[in-house]
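Structural features, examined
Given next are the chains, with one letter for each unit.
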Amino acid sequence: MENKNNQAPRELRGKPVAARIWRDLRDRTAGPAPAGVAPTLAVVRVGAQEDDWAYFTSIDKAFTKHGLGVTLCEFPADVAEDVLCDAFCALSANPKLHGILPLLPFPSHLDATKILQHITAQKDVDGVTAASRAFVYDGTGNGFPPCTAAAVMELLRHYQIPLKGMDVTVLGRSSVVGRPLAMLLLRENATVTICHSRSHPWMLAHTPLSVFAVGKPGVAADIELPHKPILIDCAINVLPDGRVVGDLSDAQREQASAYTPVPGGVGAVTVSVLAKHLVEAAGFSEEVRVNSE
């Protein structure tokens, strides 16, 4: 389908957003570390899923390039719950570690909710604990939002997309993207509708901004988008032939005024947001940022 008025949709790429965040972090960390230790992340991997390893290597490469520390803690897929609970307690108590990132999901025999509560809120840099969810939902206590949800907000700010009073549809209600992102959008005074796998997202035909976070290629592809909306694609789907795609179809992108590509969109910002949370957890606040101008 042709784009209305034959205008090519604008690609909202993540690379310049991530570059800005990394520049900001470089300025923040230019001085001595508040605790005398460089910001360091502990990544916890259970089992041997290939996508876990790919995510870890992308983190390790980016963090090493920018002078941040990373340590990998690996456990077999059949690890006992109490072993993981003890491990997270030890990581939380280690003063040389400032953030903890569990690679999820855990194997099915593990109670992730029970295990993750052993991460202290100050080191929960990907918003997986109840304390972080409370922070996201009502602003109380300490914590960080999930990195993908925060990456969407960074991208919207970078491209100066005004959210105040805007109608936004979020497709997906997961605890790591859809629901926390809805809360972050509400903080910016957007009007948010959440859809899920059992709802009919008819409002896509009317809302100027929609976020896709279902994990299903071509979801809601049959809905016409005559008003040329902005479409944010958070999904990472690996097809049988190895290609990585998002939730948006080619036809949906053609009907948009702007969209985020997959790969190269929101995902490109996520690792830099993780670094931002780590640096803040290590005590480098914006107030003590070194001005490099």
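Conventions adopted
Residues numbered from 1 in each chain as written. Predicted model: local features only at pLDDT ≥ 70, side-chain atom pairs only at ≥ 80, totals over all residues. Heavy atoms only, no water. Helix = DSSP H or I, 4+ residues; strand = E, 2+ residues; numbered from the N terminus. Rg over C-alpha atoms; globule rule 2.2 N^0.38 Å. Buried < 20%, exposed > 50% of the residue type's maximum accessible area, 1.4 Å probe, protein only. Areas by Shrake-Rupley, 256 points an atom, 1.4 Å probe, with all protein chains shown as cover. Lys, Arg positive; Asp, Glu negative; His and termini not counted. Charge placed at Lys NZ, Arg CZ, Asp CG, Glu CD. Core = buried A, V, L, I, M, F, W, Y, C linked by side-chain atoms within 4.5 Å. Contact = heavy atoms within 4.5 Å. Phe/Tyr/Trp six-rings, centres within 6.5 Å; stacked < 30°, edge-to-face > 60°. Lys NZ or Arg CZ within 6 Å of the ring centre and 35° of its normal.

So, about the overall build of the protein chain. The helix and strand inventory of the protein chain stands at nine helices and 11 strands. Over its C-alpha trace the protein chain gives a radius of gyration of 19 Å, about what one expects of a compact globule, namely 19 Å for 293 residues. In the protein chain, buried positions account for 48% of the 293 residues. Carbon together with sulfur atoms contributes 53% to the accessible area of the protein chain, which is approximately 14100 Å² in total. Looking at charge distribution, the protein chain has the averaged site of its 27 positive side-chain charges lying 5 Å from that of its 31 negative ones.

Below, the discussion takes up the nonpolar core. Counting 53 residues, the largest nonpolar core has Trp22, Leu41, Phe63, Leu156, Leu185 and Ile232 as its most contacted members. Ignoring any residue separated from it by four or fewer positions in sequence, one finds isoleucine 232 in contact with Leu12, Val152, Leu155, Leu156, Leu209, Ser210, Val211, Phe212, Thr260 and Val266. Core analysis: the second largest hydrophobic core is formed by 19 residues, Ala42, Cys85, Phe88 and Ile119 among them.

Another point: the packing of aromatic side chains. For the coordinates displayed, the defined rule picks out two aromatic pairs. With centroids separated by 6.2 Å and ring planes inclined at 85°, the aromatic side chains of tryptophan 22 and phenylalanine 63 adopt a geometry described as edge-to-face. Of the two residues, tryptophan 22 is situated in helix H1 (residues 15-28) and phenylalanine 63 in helix H2 (residues 50-65); the sequence distance between them amounts to 41 residues. Judged by relative accessible area, which is 12%, tryptophan 22 ranks as buried. In this structure, arginine 187 packs its charged tip against the face of phenylalanine 135, placed 5.4 Å from the ring centre.

The residue after leucine 104, namely proline 105, is reached through a cis peptide bond having omega 5°. Note that proline 105 resides in the loop between strand E4 (99-102) and helix H4 (112-116). In this chain, valine 262 is followed by proline 263 through a cis amide linkage whose omega measures -5°. Within the fold, proline 263 resides in the loop between strand E11 (258-259) and helix H9 (267-281). A positive phi angle, near 55°, is found at glutamine 160, a position not held by glycine. Mapping glutamine 160 onto the fold places it in the loop between helix H6 (147-158) and strand E5 (167-171). A relative accessible area of 70% places glutamine 160 in the exposed class. Even without a glycine there, the phi angle at asparagine 189 is positive, about 70°. By secondary structure assignment, the location of asparagine 189 is in the loop between helix H7 (178-187) and strand E6 (191-195).

In short, the description is geometric, and any link to function would need to be established separately.
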